Amino acid sequence: MKPAQERLRADLDAAAVRDLTGPLINNVEAREVSTGADAGRGLHVLTMPRATAMILAAGRGERLRPLTDSMPKPLVEVAGKSLVVCQIEALARAGHRDVAINASWLAQQLVDALGDGHAFGVRLHWSIEPEPLETAGGIATARPLLADGPVLIVSGDIWTTYDYASLDRHRP
């Protein structure tokens, strides 16, 4: 295995991402760097963009049973659109182009419905939990997918008209 491939594999392994969809490799970008001893040699570094927002979507949705016995709560529709799609679109309007989503209960349905995020103008980064880890555990597990610095964390199972872009004025 070539060194660049080894670094990519290590990055993917470190992110603890379960590749349910196959197109995870689409979130990898190659860029040429020219520094130090490698200057002028056309060294390509493979990187994954890191998410500036995260949607919590791993819960069971107990209070909506029996509806959530066969569908994850974030896929419940309000006015013809799923709750999680409303959140993704709101994050995209606020300028978030890389969004992490944790999933557990019926995770494959979420992955099938949302894919890589291209349809919504974002890149989705999946953190699949075999068992739900609660809020803090889900965020900690997805941490390698998240950008350094402030990250907006929202619930995937609520409906709101809040403008996430209004939070930018509070950024350090």
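About the criteria used
- Residues numbered from 1 in each chain as written.
- Predicted model: local features only at pLDDT ≥ 70, side-chain atom pairs only at ≥ 80, totals over all residues.
- Heavy atoms only, no water.
- Helix = DSSP H or I, 4+ residues; strand = E, 2+ residues; numbered from the N terminus.
- Contact = heavy atoms within 4.5 Å.
- Polar contact = N/O pair within 3.5 Å; in protein donor to acceptor, adjacent residues only side chain to side chain.
- pLDDT = per-residue confidence, 0-100.
- Pairing = 2+ DSSP bridges.
- Axes fitted to C-alpha atoms, helices over the stretch in contact; angles between N-to-C directions.
- Buried < 20%, exposed > 50% of the residue type's maximum accessible area, 1.4 Å probe, protein only.
- Salt bridge = Lys/Arg side-chain N within 4 Å of Asp/Glu carboxyl O.

1. Re unusual backbone geometry
Of note, the bond from Arg65 into Pro66 is cis; its omega dihedral lies within 30 degrees of zero at 10°. The backbone of Ala79 shows a phi angle near 55°, a positive value even though the residue is not glycine. One non-glycine residue, Glu134, lies in positive phi territory at about 65°. Mapped onto the secondary structure, Glu134 falls in helix 4 (residues 134-142).

2. Some words on the environment of Glu129
In this fold, Glu129 is placed in the loop between strand 7 (123-128) and helix 4. Excluding its chain neighbours within four sequence positions, the residues that come into contact with Glu129 are Ala58, Asn102, Ala103, Ser104 and Gly138. A polar contact is formed between the side chain of Glu129 and the side chain of Asn102, at a distance of 2.8 Å.

3. Description of the confidence of the model for the protein
Across the protein, the average pLDDT comes to 79, with 70% of residues at or above 70. Between residues 7-35, whose pLDDT stays under 50, and residues either more than four places distant or in other chains, the model counts 51 contacts.

4. What to know about the sheet that holds strand 3 (residues 53-57)
Read from one edge to the other, the open sheet built from four strands follows the order 7-6-3-8, with strand pairing classed as parallel. In this open sheet, the two edge strands, each paired with only one partner strand, are strand 7 and strand 8 (152-155). Across the sheet, the mean angle from the axis of one strand to that of its neighbour is 25°, orientation sign disregarded. Both strand 3 and strand 8 contribute to a ladder of four bridges, which runs parallel. Note on strand 8: the bridge partner recorded for Met54 is Ile153. Relative to strand 3, helix 2 (residues 83-93) is tilted by about 175°, and along the sheet it contacts strand 3, strand 6 (98-103), strand 7 and strand 8. Strand contacts of helix 4: strand 3, strand 6, strand 7 and strand 8, with the helix running at about 135° to strand 3, the strand carrying the most contacts.

5. Here we look at the side chain of Ser104
Mapped onto the elements of the fold, Ser104 is located in the loop between strand 6 and helix 3 (107-114). In this structure, Ser104 is in contact with Ala57, Ala58, Glu129, Pro130, Glu131 and Pro132, ignoring residues within four places of it in sequence.

6. Topic: helix 2
Among the eleven residues of helix 2, nine are classified as buried, and the element is accordingly described as predominantly covered. Those residues of helix 2 lying buried are Leu83, Val84, Val85, Cys86, Gln87, Ile88, Ala90, Leu91 and Ala92. After helix 2 finishes, the residue Gly95 shows a positive phi value of roughly 95°.

7. Thoughts on the pattern of salt bridges
According to the stated counting rule, one finds nine salt bridges in the structure shown. For Glu62, the salt bridge goes to Arg60, with nearest N and O atoms at 3.9 Å. Glu62 is the partner of Arg65 in a salt bridge, and the nearest nitrogen-oxygen pair spans 3.5 Å. A relative accessible area of 43% means that Arg65 is categorised as partly exposed.

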